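The lines below spell out each chain.
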Amino acid sequence: MKKIACIALLALLFTSCKKNNPDEEVKSIKKPVPTVSVVKKETTEEKKDKEDCKDIEVEMGAGRECIIQSTDLEKAYENIIKNKEVEETEFYLSTIPSENKSVEVNKNGLISIDYEITKDKVALTMNYEGGVTKVTLEIIKNTIKKSIYHSAD
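Residues numbered from 1 in each chain as written. Predicted model: local features only at pLDDT ≥ 70, side-chain atom pairs only at ≥ 80, totals over all residues. Heavy atoms only, no water.

Draft legend 1. Fine view of the pattern of salt bridges. In total, this model carries three salt bridges according to the counting rule given. When the shortest N-O distance is used, the salt bridge between E65 and K145 registers 4.0 Å. Of the two residues, E65 sits in strand β2 (residues 61-69) while K145 sits in strand β7 (residues 143-152), which places them 80 residues apart along the sequence. On the accessibility criterion, E65 (15% relative accessible area) is buried. Relative accessible area serves as the criterion here: at 24%, K145 is assigned to the partly exposed category. E85 is paired through a salt bridge with K146; the nearest N and O atoms lie 2.4 Å apart. Here E85, found in the loop between α3 (73-82) and β3 (101-107), pairs with K146, found in strand β7; they are 61 residues apart in sequence, far enough to count as distant. (Salt bridge = Lys/Arg side-chain N within 4 Å of Asp/Glu carboxyl O. Helix = DSSP H or I, 4+ residues; strand = E, 2+ residues; numbered from the N terminus. Buried < 20%, exposed > 50% of the residue type's maximum accessible area, 1.4 Å probe, protein only.)

Written out as structure tokens, the structure reads:
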């Protein structure tokens, strides 16, 4: 009789353990979180200065050419300075000169900046101790072609 009582108690114990099995616990329902897509609208300023750029390989150097929509030479020049598209823009003249001009710098390895001005084109040549950087802004129809070339001596 003791054996039967022990077996009954063990059976009850096993059944109670089985009821508390973690596999049968209440599972949380997973619902996907709704997502919200955000579309950035371009401001008028961003639309104005839309650039289409491509990288150019040159002998012993590299370059980049961009076509800028809806701007003028002066604004394109100001953006080069403001966005520091080349090094040492702090030595650029604040505005494009009306005639050819050479500015002596002799700082940070930059010897001089030469401005070559024509009717529809501004060309800057930055003469370094170890190379040259050329920046050209040219009016082509209703756009500005901006070219920046870095080359070694």
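Continuing now.
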